[in-house]
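The residues making up each chain are set out below.
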Amino acid sequence: HLIEDIIYDVIQTIRRDRARYEDDKEEVYRLVKEVIMPHVNVAKMSTLILGRNKHQFTEEQFTEFVYLFETVTIHSYAMYILEYKDSYSLYFRSTRFNNTRTAATVHMILKLEQNRKVNTHFALYYNKNNATWKIFNLAFEGINYGLVYKHSYNDIIKNHGIDVLLNRLRKKLK
């Protein structure tokens, strides 16, 4: 129920003061950072996205990449949240666990107007150290968020280098 609780918390917060959030993106970013991001393992996402290329990063470059990627992620989540309308409805299917119950997939269906729907899958893993579930990947409408970033970021690294990737992420956030 973790994902369900988070999503409904964010929706209720936006509903209480939609005008405030629509007028001030920084407020939406703050909401995402405070309510959603504590349940996302950005360092694990970053490691999975960079794959074999991670070993080319210095510690400082990786730290900056994680920060920039987290900020890009916050901005992306904020855009999705602001798109949510009160006429939409959400449904959650039963959570699927792996055999050892250390990984899970949560399937959320967002029903829009005119029988359109958006399928979202949240990939989570169980962190034994602090007994919490953490999100490490998302898929919207069959498009795997982590793989899309993995392919585009690794192409940039391969063709232009780490500094160009970091510069592009910095520019994206300006």
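Up top you'll find the structure we're talking about.
Presented here is a report on the structure given in the accompanying data block. Along every chain, residues carry numbers that run from 1 in the direction the sequence is written. Where local features are concerned, this predicted model is filtered to residues with pLDDT of at least 70; where side-chain atom pairs are given and counted, the filter is 80 or more; whole-chain, interface and lining totals use all residues. Note that the side-chain values use all heavy atoms of the structure and ignore hydrogens as well as water.

1. Some points on the nonpolar core
Where we set the bar: Here the nonpolar core consists of buried residues drawn from Ala, Val, Leu, Ile, Met, Phe, Trp, Tyr and Cys, with membership extended through side-chain atoms lying within 4.5 Å. Buried residues are those whose accessible area, probed at 1.4 Å on protein chains only, stays under 20% of the maximum for their type, while exposed residues exceed 50% and partly exposed ones sit between those limits. By definition in these notes, contact holds between two residues if any of their heavy atoms fall within 4.5 Å.
In this structure, Phe 65, Phe 69, Phe 122 and Tyr 153 are the most contacted members of the largest nonpolar core, which totals 52 residues. Excluding residues that lie within four positions of it along the chain, Tyr 153 makes contacts with Ile 49, Phe 65, Phe 69, Val 72, Leu 165 and Leu 169.

2. Section: the layout of surface pockets
Rules: With a 1 Å grid laid over protein atoms only, a set of points is called a cavity when a 1.4 Å probe fits there but cannot get out and a pocket when it is open yet has protein on both sides within 12 Å along at least five of seven lines; lining residues have an atom within 4 Å of a point. Grid points are joined across faces, edges and corners, and a volume is the space filled by probe spheres set on the points. The numbering of helices and of strands both runs from the N terminus, where a helix is a DSSP run of H or I of at least 4 residues and a strand a run of E of at least 2. Any residue that is not Ala, Val, Leu, Ile, Met, Phe, Trp, Tyr, Cys, Pro, Asp, Glu, Lys or Arg is counted as polar, Gly included; the first ten are nonpolar and the last four charged.
Computed from the structure, the largest pocket encloses a volume of approximately 590 Å³. Forming the boundary of the largest pocket are 25 residues, of which Tyr 80, Ile 81, Met 108, Leu 110 and Phe 140 lie nearest the centre. If you list the elements that add at least two residues to the lining of the largest pocket, you get α1 (2-16), α5 (59-83), β3 (103-111), β4 (117-127) and β5 (132-140). Residues that form the lining of the largest pocket fall into these classes: 21 nonpolar, one polar and three charged. Approximately 240 Å³ is the volume found for the second largest pocket. Around the second largest pocket, the lining is made up of 13 residues, and of these His 1, Leu 2, Ile 3, Thr 95 and Val 106 lie nearest the centre. By residue number, the principal contributor to the lining of the second largest pocket is α1, which donates three residues.

3. Overview of the pairing of β4
Which entries qualify depends on this criterion: DSSP calls a pair of strands paired once it identifies at least 2 bridges connecting them.
Of the pairings in the sheet, the one linking β3 to β4 comprises nine bridges and is antiparallel in character. When the sheet's bridge partners are listed, Leu 110 is paired in β4 with Val 118. From the end of β3 to the start of β4, which pair antiparallel, there are five residues, and Gln 114 there has a positive phi angle of about 50 degrees. Sheet topology places β4 next to β5; eight bridges connect them, and they run antiparallel. Following the sheet pairing, Phe 122 is matched in β5 by Leu 138.

4. Points about helix α7 (residues 162-172)
Here is the rule: As used here, the arc belongs to the directions running from the helix axis to the C-beta atoms.
Within the span of α7, buried status applies to Ile 162, Leu 165, Leu 166 and Leu 169. For α7, the angular spread of the buried residues around the axis is 95 degrees, confining them to a single face. Looking at the buried side of α7, the elements it contacts are α5 and α6 (145-160).

5. Quick notes on the packing of aromatic side chains
Formally: Ring geometry is summarised as follows: Phe, Tyr and Trp rings, the Trp one being its six-membered ring, pair when their centres sit within 6.5 Å, and such pairs are stacked at plane angles under 30 degrees, edge-to-face over 60 and tilted between the two.
Here the structure, examined in full by the defined rule, presents 13 aromatic pairs. Look at Phe 65 and Phe 69: their rings are 6.0 Å apart centre to centre, the planes differ by 5 degrees, and that puts the pair in the stacked class. On the criterion of helical spacing, the pair formed by Phe 65 and Phe 69 is a turn pair, its members being four residues apart in helix α5. For Phe 65, a relative accessible area of 0% corresponds to the buried category. On the accessibility criterion, Phe 69 (0% relative accessible area) is buried. Ring centres of Tyr 80 and Phe 140 lie 4.6 Å apart, and the angle between their planes is 25 degrees; this geometry places the pair in the stacked category. Here Tyr 80 is found in helix α5, whereas its partner Phe 140 is found in strand β5, with 60 residues between them in sequence.

6. Structural notes on the packing of helix α3 (residues 25-36) against α5
This is how the line gets drawn: Angles here are taken between N-to-C directions and fall from 0 to 180 degrees, while the axes themselves are lines fitted to C-alpha atoms, restricted in helices to the stretch in contact. If an angle is under 35 degrees, it is roughly parallel; if it is over 145, roughly antiparallel; if it lies from 65 to 115, roughly perpendicular; otherwise it is oblique.
Running from N to C, α3 and α5 point in directions that differ by 105 degrees, and their axes come no closer than 9 Å. Taken together, the axes of α3 and α5 lie roughly perpendicular to each other. Residues Val 28, Tyr 29, Val 32, Lys 33 and Ile 36 of α3 touch α5, and the partners they reach there are Ile 74, His 75, Tyr 77, Ala 78, Ile 81 and Leu 82. Split by residue class, the contact of α3 with α5 holds nine nonpolar, one polar and one charged.

7. Side note on the packing of α6 against α7
Contact pair α6 / α7: the axes reach a minimum separation of 7 Å and the direction vectors enclose 130 degrees. Taken together, α6 and α7 sit at an angle that is classed as oblique. Facing α6, whose interface residues are Tyr 149, Tyr 153, Ile 156, Ile 157 and His 160, α7 presents Ile 162, Val 164, Leu 165, Arg 168, Leu 169 and Lys 172. Taken together, the residues of the contact of α6 with α7 break down into eight nonpolar, one polar and two charged.

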